[in-house]
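# Chains, contacts and geometry: an overview
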Amino acid sequence: MYYNNKRLTLSVFWVLLGTALTVLSAKEVLDSQYSSMGTVFIVIGAMQVIRNIRYRKDPEYRERINTEFSDERNSFLRMKSWSWAGYIVVLVEGAGAVVAMILGERTVQLVLSYSVCLILCVYWITYLVLSRKY
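Quick caveat, the model's predicted, so the values are computed rather than measured. In this numbering scheme, every chain counts its residues from 1 along its sequence in written order. The predicted origin of the model limits local features to residues at a pLDDT of at least 70 and limits the giving and counting of side-chain atom pairs to 80 or more, whereas totals for whole chains, interfaces and linings rest on all residues. Side-chain metrics in this entry use all non-hydrogen atoms of the structure; hydrogen atoms and water are not considered.

Let's shift gears to the overall build of the chain. Within the chain one finds five helices and zero strands. Secondary structure is summarised from DSSP: a helix means a run of H or I of at least four residues, a strand means a run of E of at least two, and numbering begins at the N terminus for each. The order of α-helices and β-strands along the chain, N terminus first, is α-α-α-α-α. What the globule rule says is 2.2 Å times the number of residues to the power 0.38, and the radius of gyration is computed from C-alpha atoms. Computed over C-alpha atoms, the radius of gyration of the chain comes to 21 Å, more than 25% over the 14 Å expected from 2.2 N^0.38 for 134 residues, which places it beyond the range of a compact globule. When its C-alpha atoms are laid out on the principal axes, the chain stretches across 55 × 50 × 25 Å. Counting the 134 residues in the chain, one finds 13% classified as buried. In what follows, a contact means two residues having at least one pair of non-hydrogen atoms within 4.5 Å. Contacts in the chain between residues far apart in sequence, at least 24 positions, make up 48% of those at least 6 positions apart. Surface accessibility of the chain: about 10700 Å² in total, with carbon and sulfur atoms responsible for 67%. Neither His nor the chain ends is counted toward charge; the positive residues are Lys and Arg and the negative residues Asp and Glu. Every charge is mapped onto a representative atom, which is NZ of Lys, CZ of Arg, CG of Asp or CD of Glu. Charged side chains of the chain number 15 positive and 10 negative; the gap between the two group centres comes to 7 Å. Summary of the burial criterion: residues with accessible area below 20% of their type's maximum are buried, those above 50% are exposed, and those between are partly exposed, where the area comes from a 1.4 Å probe applied to protein chains only. Computed with the Shrake-Rupley method and a 1.4 Å probe, the accessible areas treat only the protein chains shown as cover for residues.

Quick look at the packing of helix α1 (residues 5-26) against helix α2 (residues 33-57) now. Working convention: axes come from line fits to C-alpha atoms, limited for helices to the stretch in contact. Angles between N-to-C directions cover 0 to 180 degrees. Where α1 meets α2, the axes come as close as 7 Å, and the angle between the chain directions of the two elements is 155 degrees. Classified by the angle their axes make, α1 and α2 are roughly antiparallel. Considering the relative orientation of α1 and α2, their crossing is left-handed. Residue composition of the contact of α1 with α2, grouped by class: 12 nonpolar, 12 polar and two charged. Oblique is the label for any angle not covered by the other classes, which are roughly parallel (under 35 degrees), roughly antiparallel (over 145) and roughly perpendicular (65 to 115). Crossing handedness is defined as follows: a turn of the near helix away from the far one that is anticlockwise and smaller than a right angle gives a left-handed crossing, while the clockwise case is right-handed. As a working rule, the residues Ala, Val, Leu, Ile, Met, Phe, Trp, Tyr, Cys and Pro are called nonpolar, Asp, Glu, Lys and Arg charged, and the rest polar, with Gly in that last group.

The residue R78 is located in helix α4 (residues 72-103) in this model. Leaving out residues up to four positions away in the same chain, R78 has contacts with E68 and F69.

It is worth spelling out the environment of E72 at this point. Assignment of secondary structure puts E72 in helix α4. Residues E72 and A85, 13 residues apart in the sequence, show an inter-C-alpha distance of 20 Å.

Let's shift gears to the packing of aromatic side chains. Centre distance within 6.5 Å is the pairing criterion for rings of Phe, Tyr and Trp, where only the six-membered ring of Trp is used; planes under 30 degrees apart are then read as stacked, over 60 as edge-to-face, and the remainder as tilted. According to the stated counting rule, one finds three aromatic pairs in the structure shown. Here a set of aromatic residues connected by ring pairs shows up, and it is made of F13, W14 and F41. The ring centre of Y55 lies 5.8 Å from the NZ or CZ of R62, which sits over that ring. Only when the NZ atom of a Lys or the CZ atom of an Arg is both within 6 Å of the ring centre and within 35 degrees of the ring normal do we say a charge sits over the ring.

Once that is clear, we can look at α4. Over its 32 residues, α4 extends 46 Å from the first C-alpha to the last, a length consistent with the 46 Å expected when each residue adds 1.5 Å. Check the buried side of α4 and you find it contacts α5 (106-133). One or two residues past the end of α4 sits G104, with phi positive at roughly 80 degrees. Expected helix span is computed as 1.5 Å times (number of residues minus one).

The structure is reproduced here in structure tokens:
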């Protein structure tokens, strides 16, 4: 079952954490930015709770979700989307690093360059791991 009690508990946790952040921010114990983050946690947690309850109550919805997560075509599309996203992010960040270098923005250039380096290192490590596994 995709929506289990652990997911429901985690969703309730996000609602409670969001409520705590919002209340502490309203009492000026925390900065006002935590109020926004708390509100987002409340909304996301509530939406997840609603989805979990709907999954448990509605058999048609449950069947659709189970099919969506077990379908090989959807799995292939998710994998392909991640690979395209990786290529696009590396290319955009690389181009951004070059543009930042031309504009003299050293900090931006370093952040983008380190990000590209991190992504490529993670890619290389996962490639080595997966080549041994498969």
